[in-house]
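Listed below, chain by chain, are the residues.
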Amino acid sequence: MQSPLTKDFFSLFGLPVAFHLADEELTARYREMQSAVHPDRYANAALQEQRMSIQVAAHINEAYQTLKNPLSRIRYILELKGVDLQDREAAPDPDFLMRQIEWRETMEEIQAAGGPGSRLADLVKEITAYIAELQEKIAGELEDETLLSAALRHYNELQYFYRLLEEARDIGDMVD
Amino acid sequence: MAYSAKVLDHYENPRNVGSFNKEDHSVGTGMVGAPACGDVMKLQIKVNEEGVIEDAKFKTYGCGSAIASSSLLTEWVKGKTLEEATQIKNSDIAEELALPPVKIHCSVLAEDAIKAAIADYQKKSGA
């Protein structure tokens, strides 16, 4: 049997390599596996086995954290498929970046005007919609070997939207 | 991580923040970004008929080092010819601001931005 340490994160949990995954299934498998290799179970085992269980537990943890988060899950699939994440061809174009600056300016205006309110809520709604749309595109592109560069470009864009969302939420938190 | 005094100075008192009309033929606009940190940098130059950069403005959304790198760069390019401005290296910026290794990419972003602004100006004036 292949050592759990050399399996990719998806096969480790018995899941297909795909963007869409059932959160509950991932979490359930993670809990099962984590309890099976818990170091407490190896308290009386040979030192060698104890070390192994700690390594496997750490690997399972890393796998779970990577797959649970949509951004790191996409990044991981791109890496599995051998995509060069630094490829400059996939950098967002100037128009996209200009639009991002405009969003940040809007956010500054909202903050200057006293923070949360319906304008911020609308903005968060808008950003969330972009994120959902991009993730849907990426999910499809990752299934098609000829569309991996498009998937990378959209992944790069997606990172900006998550960053925007984070900042919008920070503004919301400040006054809460 | 502690920022150097120079980074803090540029971060707290950024020079040349703002925008020029990007449709203006004497203006070159460079837009660059670093997806991994969500940074966006807009750097604009206003070039006179002798090919000298008369003025520069920037708008950066990012960490202190990215803001400081672009702020410093706008100071440096003023009065330089396009040719001279092309010579500015990210390592010059990193050295001046005493950027730690993990923040070197912010100075790379600034170098990319001025190169993109010059290319944009040349494309416009050539057309």
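The rules behind each value
- Residues numbered from 1 in each chain as written.
- Chains lettered and ligands numbered in written order.
- Predicted model: local features only at pLDDT ≥ 70, side-chain atom pairs only at ≥ 80, totals over all residues.
- Heavy atoms only, no water.
- Contact = heavy atoms within 4.5 Å.
- Buried area = accessible area lost by both parts, 1.4 Å probe.
- Salt bridge = Lys/Arg side-chain N within 4 Å of Asp/Glu carboxyl O.
- Polar contact = N/O pair within 3.5 Å; in protein donor to acceptor, adjacent residues only side chain to side chain.
- Axes fitted to C-alpha atoms, helices over the stretch in contact; angles between N-to-C directions.
- Helix = DSSP H or I, 4+ residues; strand = E, 2+ residues; numbered from the N terminus.
- Parallel < 35°, antiparallel > 145°, perpendicular 65-115°, else oblique.
- Nonpolar A, V, L, I, M, F, W, Y, C, P; charged D, E, K, R; others polar.
- Domains from an automatic or database assignment.

K.L.:
How should the interface of chain A and chain B be read in this particular structure?
P.N.:
Often, the extent of an interface is quoted as the loss of accessible area on bringing the components together. Between chain A and chain B, the residue contacts involve 14 residues of the former and 16 residues of the latter. Between chain A and chain B, the buried area comes to about 1,300 Å², and carbon and sulfur atoms account for 64% of it. Together, Met98, Ile101 and Tyr160 of chain A form the three largest contributors to the area buried by chain A at its contact with chain B, with a combined 38%. A salt bridge links Arg163 of chain A to Asp39 of chain B; its shortest N-O distance comes to 3.8 Å. At the boundary of chain A with chain B, the tally comes to seven residue pairs in polar contact (both at pLDDT 80 or more).

K.L.:
It is not clear to me how the packing of helix α2 (residues 23-36) of chain A against helix α3 (residues 47-68) of chain A should be interpreted in this structure. Could you clarify?
P.N.:
Packed helix pairs are specified by the crossing angle of their axes together with the interaxial distance, meaning the distance between the axes. Residues and elements named next belong to chain A. Contact geometry of α2 with α3 gives a least axis separation of 10 Å together with a crossing angle of 170°. Regarding the angle of α2 to α3, the classification is roughly antiparallel. When α2 is examined against α3, the residues Leu26, Thr27, Tyr30, Met33 and Gln34 are found in contact with a partner set consisting of Ala57, Ile60, Asn61, Tyr64, Leu67 and Lys68. In terms of residue class, the contact of α2 with α3 is built from seven nonpolar, three polar and one charged.

K.L.:
Explanation requested: the environment of Gln100 of chain A in the structure shown.
P.N.:
With respect to the helices and strands, Gln100 of chain A occurs in helix α5 (residues 94-112). Along the backbone, Gln100 of chain A and Ala90 of chain A are 10 residues apart, and their C-alpha atoms lie at a distance of 17 Å. Look past the residues within four positions of Gln100 of chain A in its chain and what remains in contact with it is Tyr160, Phe161 and Leu164 of chain A together with Val40 of chain B.

K.L.:
So what exactly am I meant to see when it comes to the domain arrangement of chain A here?
P.N.:
All names here are of chain A. Per the domain assignment, the segments making up chain A are domain 1 (4-68) and domain 2 (88-175). The gap between the C-alpha centroids of domain 1 and domain 2 is 32 Å. On the domain 2 side, the residues contacting the four residues of domain 1 number five residues. Of the roughly 330 Å² buried where domain 1 meets domain 2, counting both sides, 63% is carbon and sulfur surface. The largest share of the area that domain 1 buries against domain 2 comes from Ala18, Phe19 and His20, three residues that together contribute 96% of it. If you look at where domain 1 meets domain 2, you find one residue pair in polar contact (both at pLDDT 80 or more). Here the side of domain 1 that touches domain 2 is composed, by residue class, of three nonpolar, one polar and no charged.

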